[in-house]
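Structural characterization, general
Single-letter residue listing:
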Amino acid sequence: MKMTFELVTYNDKLNGFEIDENTYQINLSQEDAQTYKLLESSELSLYNWLQESEFFINYINEEVYQDSKGKKFAISDINGISFVRFYFFKITSGDAHYDYFKKLFKIHVESEWQDREDTGREILENLLAKQKELMFELS
Amino acid sequence: MDNKYIDKMLSQMDTELSSKGMSRRDAMKLAGISGASLLVGSTQIHAMEKDQAPIEKSGVTGKIVIVGGGLAGMSTAARLTLSLENPDITVIEPNDLSVSYQPGQTLIGAGIWGEDDIAYNRDDFVPDGVKIIKDRAIAFEPTQNKLTTAQGQEVSYDYLIVACGLQLDFERIKGLEEAGRCYSTGDNSQLHKTLGEDGICSIYTAEGATKTWEQMQKFIAQAASGKKTNFVFTHPSTPIKCGGAPKKIMYLANSRIKEAGARENSELTFYTNGGSMFGIPEYHDAVLAQFKREKFKWNYRHNLIEVDKKNKIAVFDAKWQEKGPWDPIMKEFEVISKHEKKKVSYDFLHIAPAQIAPREIAESDLGSAGGWVPVNKETLQHIKFDNVFSLGDIAQVPMGKTGGSVRKQYKVLVNNLISKMKGEPLVAKYEGYTVCPLITGIGTVMMAEFNWEVKPTPSFPLDPTVERWIFWLMKIYALKPMTMYGMLAGKA
């Protein structure tokens, strides 16, 4: 099974993410393919599995960012499962992203009073911590 | 326990029930509340206590200071005295009437109750052994475990509970700046002087509720005389205590207008900063259906920002969203927020003011960026200072600004505080329950109960979106004694 993925890199100077324009592909072993199938319905579980998988880090070190100790990056897409919103969400993003993050971060919106901007700011605060969790740093 | 009071209330309730050909037992069956022994013929609230798990006393010691002696602070103090063998508890509260029954203010606003029905002296509810400092805490040094009062008294503590409530922020409304900020209880003369006597009112203080009823009658009479009359009701852009209150007073005004035969000449319009009628979809749908049935008008995303008293014009910040530019990274069109001022003529203007944390909390190390006291929403422990807890209106807990929330919170807080004192993990959890007995007319209440799951959590085996007379009876007769003699005794 082939796993296609895309990356974003973290720019310390800009304090933000940048898109890596390339698309990468790995051939998964039969065992890894089975794990992939088990986890693909839960995108963050899939992401966490790749974070902990030696084969993935080895591929990055050998094929993607060689000799890049200290480089920070994150996965933005795995076989069409997009993680872009984790890195590029903004107050003006669409409702689907608001709904996703409200559920993920358990943000209760008291719609009697709460402005969209307030919720957006709360999401951004939560994302600062989440981005750190999702980030890879090459050693 | 004031058994005489409870007996009197139940007797009144029986009279009302029998006028409908119904016994209290029948009524309980109707409401599905056979377990609610407050309403059972026991005549004593002691029966209710049997429903509660016995409270075990702990021998742990420590100096506990509670800032705020309202419902949250005093119920917590009472519960602590029941839970500790040697309680050392001090409550700091300047207001003599701090335990007054604020949920009754809506009823005062519609002439159903008077101020005497809700005024209660704090000193009548001080548990044995609890010390009261009649002052206001104004400076906090949580790293030093001490605070200072307005009169300069330094108070140290081992454990601090912040339950000081919130303030009504009328001063942010242009034209009403002189009203300043105030609490629901205490001296609010400046507020009432500023609001005046020409149709502007607010039930968020007891005296204001009385004035609301005065103004309501005046403009109902105007409508009854044949003059078209605009009744305007607002809901602000901040969290508020009792989120249903702005609608309750509108529903009650509608009842009074209909009683006077003045509905034809009356237009009732609700302006809310929010984007729906209620945060819970099921209740939103029910309220919207009620609004349509009663021929109310409504406008979402409207926040009151200015009042021109002379010309009787309310100015709202009206907001909406438009499609923005294409975002190539997120692969979608952005959503751009827009707003403009909208002027609305009123005859009668009921203001639900913005509500905020007192400055001394917001600007202290105890406060969050938003001003509230940031606590773990389940354990109610401060996120930075582990010997500090908070509950009630000031705590940064979603949907937590009702007496119904406090009823669940104070027991959790006491359990966790004692665990903390013992050096044990905090295992008690507040699960976000709250309740809003939404008065939809004189004689009907929709008992909206819900929690953080944003789903109805009815205590009764009945459709919670239906307005019921039996819930009106509960609101009028049962909830006050449960609050005043159950919660404030640390038991209900």
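Reading guide: rules and limits
- Residues numbered from 1 in each chain as written.
- Chains lettered and ligands numbered in written order.
- Predicted model: local features only at pLDDT ≥ 70, side-chain atom pairs only at ≥ 80, totals over all residues.
- Helix = DSSP H or I, 4+ residues; strand = E, 2+ residues; numbered from the N terminus.
- Buried ≥ 20, exposed ≤ 12 C-beta atoms within 10 Å, placed from the backbone.
- Contact = placed C-beta atoms within 7 Å.
- Core = buried A, V, L, I, M, F, W, Y, C linked by C-beta atoms within 7 Å.
- Pairing = 2+ DSSP bridges.
- Expected span 1.5 Å × (residues − 1).

1. Focus: the overall build of chain B
In terms of regular secondary structure, chain B is built from 12 helices and 21 strands. Overall, chain B is about 70 × 65 × 50 Å in size when its C-alpha atoms are taken along their principal axes. For chain B, buried positions account for 49% of its 492 residues. Taking as baseline every contact in chain B between residues at least 6 positions apart, the subset at least 24 positions apart corresponds to 64%.

2. Points about the interface of chain A and chain B
Quoted interface sizes are often the accessible area lost when the parts come together. In this assembly, 15 residues from chain A lie in contact with 26 residues from chain B. Breaking the side of chain A that touches chain B down by element, the ones donating at least two residues are α4 (84-88) and α6 (116-134) of chain A. With three residues, the top contributor of residues to the side of chain A that touches chain B is α4(A).

3. What to know about the nonpolar core
Membership of the largest hydrophobic core comes to 132 residues, with the highest contact counts inside it found for B:V162 and B:I394. For this core, the element with the highest residue contribution is helix α12 (residues 469-486) of chain B, accounting for 11 residues. If we ignore the near neighbours within four places in the chain, the residues touching B:V162 are B:V67, B:G68, B:I361, B:L366, B:V373, B:V388, B:S390 and B:I394. One finds A:F5, A:V8, A:F73 and A:Y87 within the second-largest nonpolar core, a separate group that totals 12 residues.

4. Here we look at the pairing of strand β7 (residues 159-162) of chain B
All names here are of chain B. Residues Y159 and I161 line one face of β7 and the alternating positions L160 and V162 line the opposite face, and both faces are buried. When strand β1 (residues 63-67) meets β7, the two strands line up parallel, connected through four bridges. The residue of β7 that forms the bridge with I66 is I161. Pairing of β7 with strand β19 (residues 388-390), which is carried by three bridges, proceeds in the parallel orientation. Its bridge partner being in β19, V162 is matched across the sheet by S390.

5. Let's talk about helix α8 (residues 245-259) of chain B
Since there are 3.6 residues in each turn of an α-helix, residues three or four apart along the chain are aligned in direction. Residues and elements named next belong to chain B. Taking 1.5 Å of rise per residue, the 15 residues of α8 would be expected to cover 21 Å, and the 21 Å separating its terminal C-alpha atoms lies within 8% of that figure. Burial within α8 is extensive, with 12 of its 15 residues counted as buried. Buried residues of α8: A245, P246, K247, K248, I249, M250, Y251, L252, A253, N254, R256 and I257, and no others. Phi turns positive, to about 65°, at G261, one or two residues after α8.

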